[in-house]
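Okay, here's what each chain looks like letter by letter:
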Amino acid sequence: MEALRARIAVRPTAFDGAVLFVATLAAAVRLRHLMRSEFPLNDGGLFYAMARDVQASRYGLPEFTSYNGGDIPFSYPPFGIYVAALSDHLLPLDLEQVFRLVPLVFSVLTVLAVFLLARSLFGSLVAAVAAGLTFACVPRAFLWLIMGGGVTRAPGLFVALMALYFLDRALQQRSRWMLLWATVCSALTVLSHLETAWFLATSVPVFLLWRGRSRFGVTGVALFGLGTVALTAPWWGLVLIRHGLSPFLAAMESGGTMLSQGSLGAGGLWDYLQNPEMTSEPLFPVFWLLALLGFGVALGRGSLLLPVWWASIVLIGTRAAPTFVIVPMALLVGGAAIEVRWWLAWLGEQLEGQAVLQGVRFSLTTFLVAGVMVLLGSGLVVGPGQGREGDFLQALSVAQVHAIERVERATPESAQILVLPSDDWYVDRPAEWLPALTGRVSLATPQGQEWLPGSFEEHAYAHWLAWGCSGEAPRCLERWAQRFEGFDYVFVPGQCCSELLATLRNDRRYDAVFVEPGGALFARPGLTPGSADEAEVSRESAEFDAVQ
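Residues numbered from 1 in each chain as written. Predicted model: local features only at pLDDT ≥ 70, side-chain atom pairs only at ≥ 80, totals over all residues. Heavy atoms only, no water.

Chemist: Mind showing me how you'd approach the side chain of S175 here?
Modeler: You can see S175 is positioned in the loop between α7 (150-173) and α8 (176-190). A distance of 3.2 Å separates the side chain of S175 from the backbone nitrogen of M178, its partner in a polar contact. Residues within four places of S175 in sequence aside, it is in contact with A170 and F216. (Helix = DSSP H or I, 4+ residues; strand = E, 2+ residues; numbered from the N terminus. Polar contact = N/O pair within 3.5 Å; in protein donor to acceptor, adjacent residues only side chain to side chain. Contact = heavy atoms within 4.5 Å.)

Chemist: Quick question: what am I supposed to make of the pattern of salt bridges here?
Modeler: If charged atoms from side chains of opposite charge come close, those side chains can pair. Scanning the model with the defined rule gives 7 salt bridges in all. For D43, the salt bridge goes to R153, with nearest N and O atoms at 3.0 Å. Of this pair, D43 sits in the loop between α2 (15-34) and α3 (45-56) while R153 sits in helix α7, and the two are 110 residues apart along the sequence. For D43, a relative accessible area of 7% gives the class buried. (Salt bridge = Lys/Arg side-chain N within 4 Å of Asp/Glu carboxyl O. Buried < 20%, exposed > 50% of the residue type's maximum accessible area, 1.4 Å probe, protein only.)

Chemist: Mind showing me how you'd approach unusual backbone geometry here?
Modeler: For residues that are not glycine, phi is negative in most cases, and the peptide bond is trans in most cases. Positive phi, normally seen in glycine, also occurs at N42, with a value near 55 degrees. Considering the arrangement of structural elements, one finds N42 in the loop between α2 and α3. For N42, a relative accessible area of 1% corresponds to the buried category. Despite not being glycine, R58 shows a phi value in the positive range, around 55 degrees. Tracing the backbone shows R58 in the loop between α3 and β1 (64-65).

Chemist: Honestly, the sheet that holds strand β7 (residues 519-523) in this entry has me stumped. Any pointers?
Modeler: Neighbouring strands of a sheet are bound in pairs by backbone hydrogen bonds; such pairs are parallel or else antiparallel. Pairing is mixed in the open sheet, where 5 strands are placed in the order β4-β3-β5-β7-β6. Both outer strands of the open sheet, β4 (441-442) and β6 (511-516), are each paired with one neighbouring strand and no more. Pairing analysis gives 3 bridges linking strand β3 (residues 416-419) to strand β5 (residues 489-493), with the strands arranged parallel. From the neighbouring strand, I417 faces β5, where its bridge partner is Y489. (Pairing = 2+ DSSP bridges.)

Chemist: Teacher, can you tell me more about the packing of aromatic side chains here?
Modeler: Scanning the model with the defined rule gives 23 aromatic pairs in all. One aromatic cluster in this structure is built from F47, Y76, W235, F248 and W451. (Phe/Tyr/Trp six-rings, centres within 6.5 Å; stacked < 30°, edge-to-face > 60°.)

Chemist: I keep staring at the state of the cysteines and nothing clicks. Help me out?
Modeler: A covalent bond bridging the sulfur atoms of two cysteines is what the word disulfide describes. Going through the model one piece at a time under the given rule, you end up with 1 disulfide. Paired by a disulfide, C469 and C476 hold their sulfur atoms 2.0 Å apart. The sign of the -70 degrees torsion about the S-S bond sets the C469-C476 disulfide as left-handed. For C476, a relative accessible area of 2% translates into the label buried. (Disulfide = S-S within 2.5 Å.)

Geometry only, nothing functional implied.
Here is the structure:
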């Protein structure tokens, strides 16, 4: 039986064809969603402004970003931002299109990285294709990577997976060259995305424990870590000189893990694993079931690397953990595919020439094809109106972009604008993109504030309270102004707040600057100091805070 297992485990033939097939499928699934709009999906406004800042500084590292007031330290890992800025400079594309192209390319490359990692871990083309195919189609594997903000997230995940691939090869082959490539990719991970760097840092000990328990492994991982620190020192060293530790400490406070938040509890890991919604599959959760099968196979064979890796990501990971855990889950599907392939081969030897074998093979093939079609359908169908995170795959409409650009022409550079929210801050597209496209300050936009101590929580709270005003009378806005900094203008995005919009047009405290399908802008001259209105609003503001 072991000879049979060894004979089917390694299948080097058709490698190029398998890579092409997986990459083509991954690109097709992702392009399906990018074609919804000519503007970047969902987020990315902060990085858009940062790319402009890099270009304005002639590709030196700016000290601050111009985004939303110009007081946010340029502390964000710069690799993806520089890729976008250079792509805009070198390619015949405008920056908006670059913010669609770069996430797409690197998102497809992450699929190939999973393919290579599966091949390295299992030594099987079957496992590599199964893992790559699932990672190409599972919605949670690409939802946040193909958005505009994927300009940093997608490169970060790609180089992190390549770092693990090279590290695994280095540990198995005791290769210094592979270790060098792993270190370079690790450094690029740190320079791309800090959450992904944390994912990589939590993954390396697991690989060392199960794949590199040797003197070379321990020494190699130590050199890997020291090399990463040395290669990234020019960036973090410059940030420390300019701003000290406060931006990094503030960024750490805005995240959180199951351990740090105290939300693990008894059975917390099991609750996380048995939740089929975590994959964002809008149809039947095929991938989730296949991953559970992979878990069972791995535990049954005593192969704990992938289950432990999954658990470590959940426990120590940040808010991006639902994306990261798809990687070991896809690899578990690859491991299950090997087991199924082995049992088919064994069954073939036992039932050679019998009709029942043909029936079993036909039934299993039909089942697998149906599963693949549902999985592919999930990747293609997921999107607005399908629920879960697929609803986030939306972009600013042409009318909304036009209205935001008109804000720039209609307001002075010093304008303080309250953008009325219509969703949670991380999917509030008008609130994030308005500062990037206009250069104006959006008072309730949290993006970028994680680098300023205490500022992120305050802006997130301001956004939440402003969201509560979207269905109320203008007096709610005045209470908000009393609680926070006040504002000069209020921008009501198109398709939002129809009742509030109607009352604003008739309120003596607001002057309509323009009203169009993409949005409406109202000037707020302010209340007369000492007036009855101001006194009443101040009283209501105190009550407002007490209730909230």
